[in-house]
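What follows is each chain in one-letter form.
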Amino acid sequence: AQSVTQLGSHVSVSEGALVLLRCNYSSSVPPYLFWYVQYPNQGLQLLLKYTTGATLVKGINGFEAEFKKSETSFHLTKPSAHMSDAAEYFCAVDHAQIQGAQKLVFGQGTRLTINP
Amino acid sequence: NAGVTQTPKFRILKIGQSMTLQCTQDMNHNYMYWYRQDPGMGLKLIYYSVGAGITDKGEVPNGYNVSRSTTEDFPLRLELAAPSQTSVYFCAIQQGPYNEQFFGPGTRLTVL
C-alpha cells in the first residue's frame, strides 16, 4: 500500500526566510504527487502537482516542489516566506487511478507558522 | 469553494443516531469523493464515485454508505453513529480523469 510521510508536524520560519516542507512517499509504481494547503476552517486547495515530465514543479503563491525518484521525495519550498503562508500543508500521493479517479493518500500534515 | 456545497456545517449526534451529510455540486463533474479528517491527521478517503450510479469504497468505508442517483448529489449516510466517527468530513469534485480535485468547506460532526 502507498503511504506518505511528512517530516515535522510543525515548522516555524521567519518572514522572508526559506520555507522547506518535507515529504517522502512509498509507492510500487510511478506516482502522481500533490501538495495541498488548508487555511483555518476551510477545505483544501491544490498548490501544485507532479504527474509526468519535468521533475521541478511550480505552483501557486510562489511555491515549488521537486520530484526525486531516487530519494522517493517531493519536498515543498518557497524562497521567501510571507505571513499569508501560515497554514496547514498536506502532501498526497495518488493511490490508484481507476477509471480516472484519484484515490489520494495524504500525509499527516505540517503546520507552517511564520514569525514576523 | 469551487461549486461544492456541503450541509450541514456542524452537527452533534448521539451514539446510535443516523444522519446524512449532503454534498451538492453545480459544475456537472463526474467524479465526487468523500474524505474524513481527524484532528492532527491528513484526509482519508471514505467513498468515491466516477459518475451517476457508480460508487466504490475508499480506504475507510466501514460505518458509511453512499449513493449517486444524480450527477449533482453525493450524500454520505451514517447509520449508527459512533464516537470514532467524530471528524470533519470533506466532499470533493473532479472535472475529468486525472484532473485536480476541488474541496467543499466541510461538515464538522461530533458524536457523543
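Below is a short write-up of the structure. For clarity, every value in this text was computed on a predicted model and none was experimentally measured. (Residues numbered from 1 in each chain as written. Chains lettered and ligands numbered in written order. Predicted model: local features only at pLDDT ≥ 70, side-chain atom pairs only at ≥ 80, totals over all residues. Heavy atoms only, no water.)

Time to look at the overall build of chain B. Summing up its helical and strand segments, chain B has zero helices and eleven strands in all. Secondary structure of chain B in N-to-C order comes out as β-β-β-β-β-β-β-β-β-β-β. Its C-alpha atoms give chain B a radius of gyration of 13 Å, near enough to 13 Å, the size a compact globule of 112 residues would have. Over its C-alpha atoms, taken along the principal directions, chain B stretches across nearly 40 × 25 × 25 Å. The 112 residues of chain B split such that 46% are buried. (Helix = DSSP H or I, 4+ residues; strand = E, 2+ residues; numbered from the N terminus. Rg over C-alpha atoms; globule rule 2.2 N^0.38 Å. Buried < 20%, exposed > 50% of the residue type's maximum accessible area, 1.4 Å probe, protein only.)

With that out of the way, let us pick up the pairing of strand E4 (residues 33–38) of chain A. Residue and element names in this part refer to chain A. Judged by how many residues are buried, E4 sits mostly within the fold: six of six residues are covered. Alternating positions in E4 separate into two faces, Leu 33, Trp 35 and Val 37 on one and Phe 34, Tyr 36 and Gln 38 on the other, with burial throughout. Taken together, the six bridges between E4 and strand E5 (residues 44–50) define a ladder with antiparallel strand orientation. Among the inter-strand pairings, Val 37 is bridged to a residue of E5, identified as Gln 45. Two successive antiparallel strands, E4 and E5, enclose a turn made up of five residues, where Asn 41 displays a positive phi of approximately 60 degrees. (Pairing = 2+ DSSP bridges.)

Before going further, it helps to examine the interface of chain B and chain A. Taken together, the contacts link 23 residues of chain B with 21 residues of chain A. For the pairing of chain B and chain A, the buried interface totals around 1800 Å² over both sides, and the portion due to carbon and sulfur atoms is 53%. If you sort the residues of chain B by the area they bury against chain A, B:Leu43, B:Tyr98 and B:Phe103 come out on top, with a joint share of 29%. At the junction of chain B with chain A, the criterion picks out zero salt bridges. (Contact = heavy atoms within 4.5 Å. Buried area = accessible area lost by both parts, 1.4 Å probe. Salt bridge = Lys/Arg side-chain N within 4 Å of Asp/Glu carboxyl O.)

Quick look at the pattern of salt bridges now. A complete count under the given rule lists six salt bridges over all chains for this structure. Here A:Lys78 ties to A:Asp85 by a salt bridge, and the two come within 2.9 Å at their closest N and O atoms. Across this residue pair, the class does not change: A:Lys78 and A:Asp85 are buried. B:Arg36 serves as the salt-bridge partner of B:Asp38, at 2.8 Å between the closest nitrogen and oxygen. Classification of B:Asp38 as partly exposed rests on a relative accessible area of 24%. On the basis of relative accessible area, B:Arg36 is assigned to the buried category, the value being 10%.

Residue and element names in this part refer to chain B. A sheet is described by the order of its strands in space; here four strands give the open sequence E1-E3-E8-E7, paired in antiparallel fashion. Strand pairing shows two members of the sheet lacking a second neighbour, strand E1 (4–7) and strand E7 (64–66), which therefore form its edges. Along the sheet, successive strands turn relative to each other by an average axial angle of 20 degrees, direction set aside. Two strands pair when backbone bridges link them, and strand E3 (residues 19–25) and strand E8 (residues 76–78) are joined in this way by three bridges, in the antiparallel orientation. Each residue of the ladder has a partner; that of Met 19, found in E8, is Leu 78. (Axes fitted to C-alpha atoms, helices over the stretch in contact; angles between N-to-C directions.)

Under the counting rule described, the total for this entry stands at two disulfides over all chains. Here A:Cys23 pairs with A:Cys91 through a disulfide, and the sulfurs are 2.0 Å apart. On the S-S bond that ties A:Cys23 to A:Cys91, the torsion sits near -65 degrees, and the link is left-handed. In this pair, A:Cys23 sits in strand E3 (residues 19–26) while A:Cys91 sits in strand E9 (residues 87–98), placing the two residues 68 residues apart along the sequence. Residue A:Cys23 is classed as buried on the basis of its relative accessible area, which comes to 0%. Judged by its relative accessible area of 0%, A:Cys91 falls in the buried class. What pairs with B:Cys23 in a disulfide is B:Cys91, and their sulfur atoms sit 1.9 Å apart. Looking down the S-S bond of the B:Cys23 and B:Cys91 bridge, the torsion is -70 degrees, so its handedness is left-handed. In this pair, B:Cys23 sits in strand E3 while B:Cys91 sits in strand E9 (residues 87–94), placing the two residues 68 residues apart along the sequence. (Disulfide = S-S within 2.5 Å.)

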